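Observations on the model geometry
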Amino acid sequence: MAIFYKNFIKNIIGLIPLILLYYLCLTSVDSQIILFKNFSLNLKYIIVFYWTLRNPSIIGYGHIFLAGILSDVVIGLPMGTSSICFLTLAGIAAYIRQMTVRISLWSDWIVFVPSVCITNFIFFILTTYYSDIGIYYNELFYNSIITIIFYPFIWIVFSFLTHYMRGKVA
Amino acid sequence: MKESASRDDFGIAIRSALLQKGTKQKFSLLALLIISIIFFSLEKLNTKPINLVRAFLHDGIYVGSMLANYPNKFFSSSLDVVSKHFYVYTENVKLQEELAKYKSLANQFKYLKVENKILKTSLDDALDVYYNTVTAKIILDENSPYLKSLIINKGKNKKILKGMPVLGGSSLIGKIVESNFFSSRVLLLNDLNSKIPVIIEPSGHHAILSGKGTEKPVLQFLPKNNSIADGNIVYTSGKDGILSAGIDLGKISISSEGDVEVDLFIDPNQLNYANVVIGVTEN
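Going along each chain's sequence as written, the residues are numbered from 1 onward. Ligands are numbered from 1 and chains lettered from A, in the order in which they are written. With pLDDT at 70 or above as the cut-off, local features in this predicted model cover only qualifying residues; side-chain atom pairs require 80 or more to be listed or tallied, and sums for whole chains, interfaces and linings still use all residues. Processing note: side-chain calculations cover all non-hydrogen atoms of the structure and skip hydrogens and water entirely.

1. A short note on the overall build of chain B
- By the criteria applied, helices consist of DSSP H or I runs no shorter than four residues and strands consist of E runs no shorter than two, each listed in order from the N terminus. Summing up its helical and strand segments, chain B has 4 helices and 12 strands in all.
- Any residue under 20% of the maximum accessible area for its type is buried, any over 50% is exposed, and the rest in between are partly exposed; the area is computed with a 1.4 Å probe on protein chains only. For chain B, the residues scored as buried account for 35% of the 283 residues in total.
- What makes two residues a contact is simply this: any of their non-hydrogen atoms within 4.5 Å. Considering only intrachain contacts with a sequence separation of at least 6, the fraction spanning at least 24 residues in chain B is 54%.

2. A few points about the pairing of strand β10 (residues 248-254) of chain B
All names here are of chain B.
- For two strands to count as paired, DSSP must find a minimum of two bridges between them. Sheet topology note: the strand β9 (residues 233-236)/β10 ladder contains 3 bridges and is antiparallel. Within β10, the residue paired with Ile-233 across the bridge is Lys-251.
- In terms of strand pairing, β10 meets strand β11 (residues 260-264) through 5 bridges, oriented antiparallel. Within β11, the position partnered with Ile-254 by the bridge is Val-260.
- Where β10 hands over to β11, the hairpin turn is made up of 5 residues, of which Gly-258 adopts a positive phi near 95 degrees.

3. Describing the packing of helix α3 (residues 43-54) of chain A against helix α5 (residues 81-99) of chain A
Residue and element names in this part refer to chain A.
- Axes, fitted as lines to C-alpha atoms, cover a helix only where it is in contact. Angles between the N-to-C directions of the axes lie from 0 to 180 degrees. Two elements in contact, α3 and α5, have axes whose closest approach is 8 Å; the angle formed by their N-to-C orientations is 30 degrees. By the criterion of interaxial angle, the relationship of α3 to α5 is roughly parallel. In this structure, α3 meets α5 at a crossing whose hand is right-handed. Judged by residue contacts, Lys-44, Tyr-45, Val-48, Phe-49, Thr-52 and Leu-53 of α3 engage Cys-85, Phe-86, Leu-89, Ala-90, Ala-93, Ala-94, Ile-96 and Arg-97 from α5.
- Only Asp, Glu, Lys and Arg are considered charged in this grouping, and only Ala, Val, Leu, Ile, Met, Phe, Trp, Tyr, Cys and Pro are considered nonpolar; every other residue, Gly among them, is considered polar. In terms of residue class, the contact of α3 with α5 is built from 11 nonpolar, 1 polar and 2 charged. These descriptions rest on fixed angle ranges, namely under 35 degrees for roughly parallel, over 145 for roughly antiparallel, 65 to 115 for roughly perpendicular, and the rest for oblique. Crossing chirality is assigned from the near helix's rotation relative to the far helix, an anticlockwise turn below a right angle marking it left-handed and a clockwise turn marking it right-handed.

4. Notes on the side chain of Ser-115 of chain A
- When you line up the elements, Ser-115 of chain A lands in helix α6 (residues 105-129).
- Sequence-distant contacts of Ser-115 of chain A, that is, excluding residues within four places in its chain, are made with Phe-49, Leu-89, Ile-92 and Ile-96 of chain A.

5. Here's the deal with the interface of chain A and chain B
- With 49 residues of chain A at the interface, the matching set in chain B holds 47 residues.
- Of the roughly 4,000 Å² buried between chain A and chain B, counting both surfaces, carbon and sulfur atoms make up 67%.
- Every case where a carboxyl oxygen of Asp or Glu lies within 4 Å of a side-chain nitrogen of Lys or Arg is listed as a salt bridge. Linking chain A with chain B are 0 salt bridges.
- Looking at the side of chain A that touches chain B, the elements with two or more residues in it are α1 (2-27), α2 (29-32), α4 (61-75), α5, α6 and α7 (137-169) of chain A.
- Considering every element that reaches the side of chain A that touches chain B, the biggest residue donor is α5 of chain A, with 11 residues.
- Across the side of chain A that touches chain B, the residue classes tally to 28 nonpolar, 19 polar and 2 charged. When two parts are put together, the accessible area they lose, computed with a 1.4 Å probe and summed over both, is reported as buried area.

6. Let's talk about the packing of aromatic side chains
- Between rings of Phe, Tyr and Trp, where Trp is taken as its six-membered ring, a pair exists when centres lie within 6.5 Å; planes separated by under 30 degrees are stacked, by over 60 edge-to-face, and by other angles tilted. According to the stated counting rule, one finds 14 aromatic pairs over all chains in the structure shown.
- A ring pair is formed by Tyr-45 of chain A and Phe-86 of chain A, whose centres lie 6.0 Å apart and whose planes are at 85 degrees; its orientation type is edge-to-face. Taken together, the positions of Tyr-45 of chain A in helix α3 and Phe-86 of chain A in helix α5 put the pair 41 residues apart, joining distant regions of the chain.
- Its relative accessible area of 5% is what places Tyr-45 of chain A among the buried residues.
- Clustering of aromatic rings is evident, with ring pairs tying together Tyr-50, Trp-51, Trp-155 and Phe-158 of chain A.
- Think of it as a cone above the ring: NZ of Lys or CZ of Arg counts as a charge over the ring if it is within 6 Å of the ring centre and within 35 degrees of the ring normal. Residue placement shows Lys-101 of chain B over the ring face of Tyr-102 of chain B; its charged tip is 5.9 Å from the ring centre.

Shown next as structure tokens:
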């Protein structure tokens, strides 16, 4: 019974990032929370980047792809746009995971900046040249800035979750 | 020697990141990226089988999204109820003042209605226009940084098609841009992609109402020496041949910077239901 309970809690906690990613993609609630009058946050980028970098077994690439498709349909973007962006971000995170040995908040934060820039550049290219949808590019820019600024705070929260998961696993 | 070793490391890291499935990964990143690009390319195709699959997929995802949004809606409506309780007294005083104002306006309206009927009869142009509408529930309110749109719970099953105007009450709030079997997407007037030909009364100037992502859309292509003033009413002109003419949508509000903005009559975020105009009957 104790083992069952332990495994159950472990599974539930392990699913939190995945549930959160799907929830955010289905509701876009993160982009609707307007901070400082007109700025919003892209929590999905942080989730994809952090968990691919720290523990890729928590959110698989298949889930990232599917979450991107859901996000596109809900927001109204051409299907595949967010998937391409999320997978690009995951790819960069996977590359950094291969190249680095010791992970710290500073190193994560520093590499998160170019990763978001590259991802949003791809998003810009896809929406500008391959679709008819007009996008508020200044809002996209502010969204990227806020996402980068908020990364350390979310990183701390996720680190607690990681430690807790490791504790439960042990 | 050192350079070639670092190049090897780079190659290995790239290969590992893109091709290796790793722990618990069922798909490689590269394969999923290719699938995503295929999905993206298919969006451009407009064939019947693809549209059919797309419509089913959208319907299903909208239902999932609606279910996921229930906690949000419950939380925001509870918060709204609590905050409204604090303003009941001041709101009541304000409403009483407004009621007195509207009572006097109602009398004026009765007189004008009779006068209008007499004038119309004399002009032999007594045309009454009725809109055939379908009322639909708003299941999702997408106020994202990218697009300002609503999802309604009716689609092709109720003869709702792309381009049809959508009313909130009797005022225009947007038009249908995507129609699935059981759901449709409404592009709101304040969205960047929304451009609607309008006419301003009483001056009769024509312009294009253009969304810019903020609460108030702006008027573009106005004549240089126009006589537009605060409070003038904006109607659809029907010049695009898609939207019906004469649907009111807001009143003019000239900003401090001199931009001619339109204060919309209806705030779409406050709506629970919308009326889609599926046809017009003229008697």
